[in-house]
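Here is what each chain is made of, one letter per residue.
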Amino acid sequence: MFKNTERIHTYKNYDDVDLNRLYHLITRSFHRRLRAEYFSQVINNIDTLYLSENYNAVAVITKEAGIEVPYMDKFGVSSQNQGQGTAEMLWQMVRQDYQTLFWRSRHTNAINPWYFKRSEGSWSNGKWIVFWYGLSDPKLSYELVEHALSLPESFVSEADHLIEAEDYH
């Protein structure tokens, strides 16, 4: 069986990225609409943006103020590329580049079993699950969990239907 994977490029900012295509990739991957201010909120924290050449897979890694461990803000693969090996290839690139990492996922995310297999620790409050790997000091997980839970939501909630997503042309 052949896998149809795409080359993945890395960026340190959004300068050479089509934000409109990235917006649509994230929206398709998560089946939710990004808040209009999402890109402006994370732009100054970008450490590495991994993006497949046809905009079918993305990982957004940020450096959060006052936190020594990088944060994975987004990890998404479009539905048509799921099961093609792209997610695993993307994950391997992230693991190769980051010895430590933490991220959060909605408690209802169907991908959580995949995350549990790739993390070394997790914590849940019923709404979010915070995952991590590579921590040499387990006490650091408390700080990471607190920080992850304090971050603003990236997506428009069902109650926020009046907020319109900005089109990035």
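Anything mentioned here points back to the structure above.
So, here's what we can say about the structure. (Residues numbered from 1 in each chain as written. Predicted model: local features only at pLDDT ≥ 70, side-chain atom pairs only at ≥ 80, totals over all residues. Heavy atoms only, no water.)

**Points about the pairing of strand β4 (residues 71–77)**
Burial analysis of β4 places seven of its seven residues in the buried class, which makes it a mostly covered element. Pairing between strand β3 (residues 57–62) and β4: six bridges, direction antiparallel. Within β4, the residue paired with I61 across the bridge is M72. Where β4 meets strand β5 (residues 101–106), two bridges bridge the pair, whose relative direction is parallel. Residue M72 lies in a different strand from β5, and its bridge partner there is W103. (Buried < 20%, exposed > 50% of the residue type's maximum accessible area, 1.4 Å probe, protein only. Helix = DSSP H or I, 4+ residues; strand = E, 2+ residues; numbered from the N terminus. Pairing = 2+ DSSP bridges.)

**Describing the packing of aromatic side chains**
As enumerated under the stated definition, the model contains 15 aromatic pairs in all. Between Y71 and F102 the ring centres are 4.9 Å apart and the planes differ by 55°, which places this aromatic pair in the tilted class. Taken together, the positions of Y71 in strand β4 and F102 in strand β5 put the pair 31 residues apart, joining distant regions of the chain. Among the aromatic residues, those joined into a ring-pair cluster are F75, W91, W103, W114, Y115, F116, F131 and Y133. Against the face of Y133 rests R95, its NZ or CZ located 3.7 Å from the ring centre. Here R104 stacks its cationic end above the ring of W128, 3.9 Å away from the centre of that ring. (Phe/Tyr/Trp six-rings, centres within 6.5 Å; stacked < 30°, edge-to-face > 60°. Lys NZ or Arg CZ within 6 Å of the ring centre and 35° of its normal.)

**Some details on helix α5 (residues 140–150)**
The set of residues buried in α5 consists of L140, S141, L144, V145, H147 and A148. Buried residues of α5, viewed axially, fall in a sector of 165°; they line one side. Exposed residues on α5 whose side chains face more than 90 degrees from its buried face are Y142, E146 and S150. Those residues of α5 that are buried lie in contact with β4, β5, β6 (121–124) and β7 (128–133). (Arc of directions from axis to C-beta. Contact = heavy atoms within 4.5 Å.)

**Considering the pattern of salt bridges**
This structure, assessed with the given rule, holds four salt bridges. Between K74 and D73 there is a salt bridge, and its shortest N-O distance comes to 3.5 Å. Ionic contacts of the salt-bridge type, sharing partners, join the residues R106, K127 and E153 into one network. (Salt bridge = Lys/Arg side-chain N within 4 Å of Asp/Glu carboxyl O.)

**Points about the layout of surface pockets**
It is the rolling of a water-molecule-sized probe over the atoms that shows where space remains empty. The space that makes up the largest pocket amounts to roughly 840 Å³. If you trace the largest pocket, you find 40 residues lining it, with F30, K74, F75, N109 and Y115 closest to the centre. Of all the elements in the fold, those that place two or more residues in the lining of the largest pocket are α1 (19–30), α2 (38–42), β4, α3 (86–97), β5 and α4 (112–118). A per-element tally of the lining of the largest pocket places β4 first, with seven residues. For the lining of the largest pocket, the residue count by class is 17 nonpolar, 15 polar and eight charged. (1 Å grid on protein atoms, 1.4 Å probe; cavity = no way out; pocket = protein on both sides within 12 Å on 5 of 7 lines; lining within 4 Å. Points joined across faces, edges and corners; volume = space filled by probe spheres on them. Nonpolar A, V, L, I, M, F, W, Y, C, P; charged D, E, K, R; others polar.)

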